[in-house]
Amino acid sequence: MQTEEPHMTTTTPETTIADARERIDALDDRIIGLIQERMAVSTVVQRTRIASGGRRVHLSREMEILARYRDALGKPGTTLAMTLLELCRGRI
C-alpha cells in the first residue's frame, strides 16, 4: 500500500524573510505600544509617590526590575531594563 505525501508548498528564501520581517514589524509595534503604556503607568506611580511625600525614584524597586530582566534575558537584559527605566522615569 502506497501512502500519499502531504502537499508541501515551497517558499523562496525571499518570501520567508519578507514574512518574518513583517512579523517582526508587528511585534515591534506591539512592544512600542506596551512601552508607552508602561511609561504612562510609571508616571502615575511617580506622581502618587511624590504627592504622598515619597521620592520620585524607588531604587530597591528598580533593582528588582533589573534582576528580573537579567534573569530572563541574561546580561543584555540588564541594559534593556536600564533603558526601559530611563524611558519611564527620565534621567536622574
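What comes next concerns the included structure. (Residues numbered from 1 in each chain as written. Predicted model: local features only at pLDDT ≥ 70, side-chain atom pairs only at ≥ 80, totals over all residues. Heavy atoms only, no water.)

## Regarding the pattern of salt bridges
Phase 1: Inspection of every chain in the model, using the stated rule, returns 3 salt bridges.
Phase 2: Measuring nitrogen to oxygen at the nearest pair gives 3.3 Å for the salt bridge that ties Arg 61 to Glu 64. Highlighted residues: Arg 61 and Glu 64, both in helix α2 (residues 59–73), separated by 3 residues, approximately one helical turn.
Phase 3: On the basis of relative accessibility, which here comes to 43%, the residue Arg 61 falls in the partly exposed class.
Phase 4: Between Arg 70 and Asp 71 there is a salt bridge whose closest N-O contact spans 3.9 Å. (Salt bridge = Lys/Arg side-chain N within 4 Å of Asp/Glu carboxyl O. Helix = DSSP H or I, 4+ residues; strand = E, 2+ residues; numbered from the N terminus. Buried < 20%, exposed > 50% of the residue type's maximum accessible area, 1.4 Å probe, protein only.)

## A short note on the packing of helix α1 (residues 13–51) against helix α3 (residues 75–89)
Phase 1: Contact pair α1 / α3: the axes reach a minimum separation of 8 Å and the direction vectors enclose 55°. Overall, the two elements α1 and α3 adopt an arrangement that is oblique. The chirality of how α1 crosses α3 is right-handed. Across from Ile 35, Arg 38, Met 39, Ser 42 and Gln 46 in α1, the residues of α3 making contact are Leu 84, Leu 85, Leu 87, Cys 88 and Arg 89.
Phase 2: When its residues are assigned to classes, the contact of α1 with α3 shows 6 nonpolar, 2 polar and 2 charged. (Axes fitted to C-alpha atoms, helices over the stretch in contact; angles between N-to-C directions. Parallel < 35°, antiparallel > 145°, perpendicular 65-115°, else oblique. Left-handed = near helix turned anticlockwise from the far one by under 90°. Contact = heavy atoms within 4.5 Å. Nonpolar A, V, L, I, M, F, W, Y, C, P; charged D, E, K, R; others polar.)

## Re a negative patch on the surface
Phase 1: A surface patch of negative charge is lined by Asp 19, Glu 22, Asp 25, Asp 28 and Asp 29.
Phase 2: Tracing the backbone shows Asp 19 in helix α1. (Patch = residues over 30% accessible without salt bridge, like charges linked within 9 Å, V, L, I, M, F, W, Y side chains within 5 Å. Areas by Shrake-Rupley, 256 points an atom, 1.4 Å probe, with all protein chains shown as cover. Lys, Arg positive; Asp, Glu negative; His and termini not counted. Charge placed at Lys NZ, Arg CZ, Asp CG, Glu CD.)

## Description of the side chain of Arg 89
Phase 1: Its location among the elements puts Arg 89 in helix α3.
Phase 2: Polar side-chain contacts of Arg 89 include one of 2.6 Å to the side chain of Glu 62.
Phase 3: Beyond its immediate stretch of four places on either side in the chain, Arg 89 contacts Gln 46, Arg 56, Val 57 and Glu 62. (Polar contact = N/O pair within 3.5 Å; in protein donor to acceptor, adjacent residues only side chain to side chain.)

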